[in-house]
Amino acid sequence: ALGGGTLEHNVSGNSLFRDDTSAGYLRFGFEVLGESGWGGGARVEAVASDDDLFVSSGGTPSTNSDGEIFLHASKEFGSDAFRMPVRFGLFLRSYQQEANATDNTVTWSNIGPRLEIEPEFTLVRGSLARWSLFAQLGAEIGYTKIDTDPSTDTYTASMTAVDLGVGTRLQFQMVELELGFKNRSLSFDSSDTVNGI
């Protein structure tokens, strides 16, 4: 999947790090389900912003990126009129902020469990095609390691993420076309204090 949208970054108590800019989205994944409805898969998602983040807030122009790998087991419930895959597994995420002029970076590396449900309602079904509406709700919590370049200290924290998606699908036998909207919110707690920082 390919998409476009907006990346917004906010730091509590610091107006220089509150801004949004255009961003691109890429997703690749696969999932295999047996006749019992059990299976599994993997998904890779990536977001990259334009290079003008924090310009309008008076901060240092930056480029932010977010990448996630989700390895999961799957169970599909329901029938053809209504089906709902449930996915549970492990995610690995890297969220990075890079100052354009200096290449100084801050990287939040995360790992933890993720749960996702995706209810889907069939609107029209024929012998060759199927049209449906779907929603997607995902949630994750994770351990976070924060690194800087140039290197200073390594900090640790925790994070949560929630995402919500809605869209429509048109399936022709083994080919499936999808159009949708997705909103993801990441929240990082303040890190543990290291050397007074």
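Keep in mind that this is a model prediction, so the values were computed, not measured.

### Some words on unusual backbone geometry
- Cis geometry is found at the peptide bond from Asp-149 to Pro-150, where omega equals 5°.
- Checked against the element boundaries, Pro-150 lands in the loop between strand 8 (129-149) and strand 9 (155-172).
- Its identity as a non-glycine residue notwithstanding, Gln-173 has a phi of 55°, on the positive side.
- Within the element layout of this structure, Gln-173 appears in the loop between strand 9 and strand 10 (175-188).
- The exposed category is assigned to Gln-173, whose relative accessible area is 55%.

### Some thoughts on the packing of aromatic side chains
- Applying the stated criterion across every chain yields a total of five aromatic pairs.
- Ring centres of Phe-82 and Phe-121 lie 4.9 Å apart, and the angle between their planes is 45°; on these two criteria the pair is classed as tilted. Taken as a pair, Phe-82 in strand 5 (residues 82-99) and Phe-121 in strand 7 (residues 120-125) lie far apart in primary sequence, 39 residues in all.
- Relative to Phe-188, the ring of Tyr-95 has its centre 6.1 Å away and its plane inclined at 35°; by these criteria the two rings are tilted. Taken as a pair, Tyr-95 in strand 5 and Phe-188 in strand 10 lie far apart in primary sequence, 93 residues in all.
- Judged by its relative accessible area of 6%, Tyr-95 falls in the buried class.
- Residue Phe-188 is classed as partly exposed on the basis of its relative accessible area, which comes to 24%.
- Within the aromatic cluster, the residues linked to one another by ring pairs are Tyr-95, Trp-108 and Phe-188.
- Lying over the aromatic face of Phe-77, Lys-75 brings its terminal NZ or CZ to 5.6 Å of the ring centre.
- Taking NZ or CZ as reference, Arg-114 lies 5.3 Å from the ring centre of Phe-70, over its face.

### Focus: the side chain of Ser-62
- Its location among the elements puts Ser-62 in strand 4 (residues 62-78).
- Here the side chain of Ser-62 touches Thr-60 through a polar contact of 3.0 Å, landing on its backbone oxygen.
- The contact partners of Ser-62, leaving out residues within four places of it in the chain, are Asp-50, Asp-51, Asp-52, Leu-53, Phe-54, Gln-97, Glu-98, Ala-99 and Asn-100.

### Some words on the side chain of Thr-107
- In this structure, Thr-107 sits in strand 6 (residues 105-117).
- Residue classification places Thr-107 among the buried positions, given a relative accessible area of 14%.
- A distance of 2.9 Å separates polar atoms of two side chains, one belonging to Thr-107 and the other to Gln-96.
- Sequence-distant contacts of Thr-107, defined by excluding residues within four places in its chain, comprise Ser-94, Tyr-95, Gln-96, Lys-145, Ile-146 and Asp-147.

Calculation notes
- Residues numbered from 1 in each chain as written.
- Predicted model: local features only at pLDDT ≥ 70, side-chain atom pairs only at ≥ 80, totals over all residues.
- Heavy atoms only, no water.
- Helix = DSSP H or I, 4+ residues; strand = E, 2+ residues; numbered from the N terminus.
- Buried < 20%, exposed > 50% of the residue type's maximum accessible area, 1.4 Å probe, protein only.
- Phe/Tyr/Trp six-rings, centres within 6.5 Å; stacked < 30°, edge-to-face > 60°.
- Lys NZ or Arg CZ within 6 Å of the ring centre and 35° of its normal.
- Polar contact = N/O pair within 3.5 Å; in protein donor to acceptor, adjacent residues only side chain to side chain.
- Contact = heavy atoms within 4.5 Å.

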